[in-house]
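Analysis of the macromolecular model
Given next are the chains, with one letter for each unit.
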Amino acid sequence: MAKRAIITGITGQDGSYLAEFLLAKGYEVHGIIRRASTFNTKRIDHIYQDPHSPNTRLYLHYGDLSSGDRLTDLIYDLQPEEVYHLGAQSHVKVSFEVPVYTGEVNGIGTTRLLEGIRRSGKDTRFYQASSSEMFGSAPAPQNEATPFRPRSPYAAAKLYSFWTAVNFREAYGLFTSNGILFNHESPRRGETFVTRKVTRAVAAIRAKKQTKLYLGNLAARRDWGYAPEYVEVMWRMLQQEKPNDYVVGTGEAHSVEEFVGEAFSYVGLDWKDYVGIDSRYLRPTEVDFLLADASKARQELNWKPQVTFRQLVRIMVDADLEAVGLPVVGEGKKILEARVSHWHHWDAAVSSALQASEGQAGDNVTTETK
């Protein structure tokens, strides 16, 4: 009988890739989505299945992390073997503007899920999507023993969830594992995050639909990886004999300026001709340098990233060029098929997921370095 998994945040970047990955593994996947007046499922449209079909293995359920009763009911009714908690208010800059909401969803929402699992009596394994932002101003490189020093309401709420997962593991014997994931990007990254904002702008500038890109802190350094590889390590954490917490990253850091330079040079442009600085995109408290020491994940989970920083940039630029109807340079497309083609393919999982969007990058969008 197929394993059953629940994914919160299934319509996001990570949730959509994880759903794709678990379906390829033979799972029955149940995604929790928020009720909205417009459809927000474009990232999973290519894997959506008619619930009336006898062979359906992907189901969507309305729910909200701010409603504990609904979450408890879903866990009790579905009795999943695994729960992957990826849902959150995910924008660091926005968390300064809505700190109470961020704490409610990113912090208390996790407690609601864990309490639902505890009350169900089901031996469910739980993955908590923790964040490298929890390290904040802690010296790099950061690993599982590095003290946390969060620098935003987002990071503080994620830290609450991290320790809540640890507490439920120690107090009640629940199988809870924290994945402290460093930045991971892809063509499905939200348009307001800095990496995707850059690659969309490159495509829009080449298509003569945009003339300028405004960013914030170009000096911030991040450990950037390719998101589909990171959902595989989430799954590996829940296949272990015992629960544990893992830092996940590439062990290589690059500045925002380096990302911008790689993206523009890939299509033969000089970024200095197109990029301006806008102080509105700076955070009240910046995080300057995040770099993963993922030795534990490499040793215990037998995991290491395959896609390099430069390859990641090329994948994202090619995807956004295609989204605006321009010919792709082609390197990114070849890299994806060579690295993760056993379950994740360009035509099925990149192109079709972008067809619903216009591929035009606006000048006045929130910039995130998360």
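Everything numeric here is computed off the predicted structure, so don't read it as measured data.

Right, let's get into the packing of aromatic side chains. For any pair of aromatic rings, the description rests on two quantities: the centre-to-centre distance and the angle between the ring planes. What the rule picks out here adds up to 13 aromatic pairs. Here Phe21 and Trp235 contribute two aromatic rings whose centre-to-centre distance is 5.7 Å and whose plane-to-plane angle is 70 degrees, an arrangement assigned as edge-to-face. With Phe21 in helix H1 (residues 13-24) and Trp235 in helix H7 (residues 227-238), the pair connects residues that are 214 residues apart, well separated along the chain. The exposure class of Trp235 is buried, given its relative accessible area of 18%. A connected cluster of aromatic rings, assembled from ring pairs, spans Phe135, Phe148, Phe162, Trp163 and Phe182. Positioned over the ring face of Phe193 is Arg189, at 4.0 Å from the centre of the ring. Residue placement shows Arg221 over the ring face of Phe289; its charged tip is 4.2 Å from the ring centre.

As a volume, the largest pocket reaches approximately 1100 Å³. At the level of elements, H1, strand S2 (28-33), helix H4 (99-120), strand S5 (125-131) and helix H5 (153-172) are the ones that each hand at least two residues to the lining of the largest pocket. Partitioning the lining of the largest pocket into residue classes produces 14 nonpolar, 19 polar and ten charged.

Further remarks concern the packing of helix H8 (residues 256-266) against helix H10 (residues 309-323). Where H8 contacts H10, the two axes come as close as 9 Å, and the packing angle between them is 55 degrees. Of the possible angle classes, the one that applies to H8 and H10 is oblique. H10 is crossed by H8, and the crossing has right-handed handedness. In this structure, H8 uses Glu258, Phe259, Glu262, Ala263 and Tyr266 to contact H10, whose residues at the interface are Phe309, Arg310, Val313, Arg314, Met316, Val317 and Asp318. Tallied by class, the residues present in the contact of H8 with H10 amount to seven nonpolar, no polar and five charged.

All right, on to the pattern of salt bridges then. Inspection of every chain in the model, using the stated rule, returns 18 salt bridges. Measuring nitrogen to oxygen at the nearest pair gives 2.7 Å for the salt bridge that ties Glu185 to Arg189. Accessibility assignment for this pair places Glu185 and Arg189 in one class, buried. The salt bridge involving Arg314 is made with Glu331; its shortest N-O contact spans 3.0 Å. Here Arg314, found in helix H10, pairs with Glu331, found in helix H11 (residues 331-340); they are 17 residues apart in sequence, far enough to count as distant. Each member of the salt-bridge network shares a partner with another, and the members are Glu262, Arg310, Arg314 and Glu331.

Now for the environment of Gln128. Tracing the chain through its elements places Gln128 in strand S5. The spatial distance from the C-alpha of Gln128 to the C-alpha of Lys158 is 9.4 Å, given a sequence separation of 30 residues. Discounting residues that sit within four places of it in the chain, Gln128 has contacts with His85, Thr110, Lys158, Ser161, Ala165, Ser177, Asn178 and Gly179.

What follows covers the sheet that holds strand S6 (residues 175-181). Read from one edge to the other, the open sheet built from seven strands follows the order S3-S2-S1-S4-S5-S6-S11, with strand pairing classed as parallel. The open sheet has two edge strands, strand S3 (58-62) and strand S11 (245-248), and neither has a second partner. Averaged over neighbouring strand pairs, the angle between their axes works out to 20 degrees when direction is ignored. Contacting strand S1 (4-8), S2, S3 and strand S4 (82-85), H1 crosses the sheet at an angle of about 170 degrees to S1. Along the sheet, H7 contacts S4, S5, S6 and S11; its crossing angle with S6, the most-contacted strand, is approximately 155 degrees.

Rules used throughout
Residues numbered from 1 in each chain as written. Predicted model: local features only at pLDDT ≥ 70, side-chain atom pairs only at ≥ 80, totals over all residues. Heavy atoms only, no water. Phe/Tyr/Trp six-rings, centres within 6.5 Å; stacked < 30°, edge-to-face > 60°. Helix = DSSP H or I, 4+ residues; strand = E, 2+ residues; numbered from the N terminus. Buried < 20%, exposed > 50% of the residue type's maximum accessible area, 1.4 Å probe, protein only. Lys NZ or Arg CZ within 6 Å of the ring centre and 35° of its normal. 1 Å grid on protein atoms, 1.4 Å probe; cavity = no way out; pocket = protein on both sides within 12 Å on 5 of 7 lines; lining within 4 Å. Points joined across faces, edges and corners; volume = space filled by probe spheres on them. Nonpolar A, V, L, I, M, F, W, Y, C, P; charged D, E, K, R; others polar. Axes fitted to C-alpha atoms, helices over the stretch in contact; angles between N-to-C directions. Parallel < 35°, antiparallel > 145°, perpendicular 65-115°, else oblique. Left-handed = near helix turned anticlockwise from the far one by under 90°. Contact = heavy atoms within 4.5 Å. Salt bridge = Lys/Arg side-chain N within 4 Å of Asp/Glu carboxyl O. Pairing = 2+ DSSP bridges.

Honestly, that's just the spatial picture; any functional story needs more than this.
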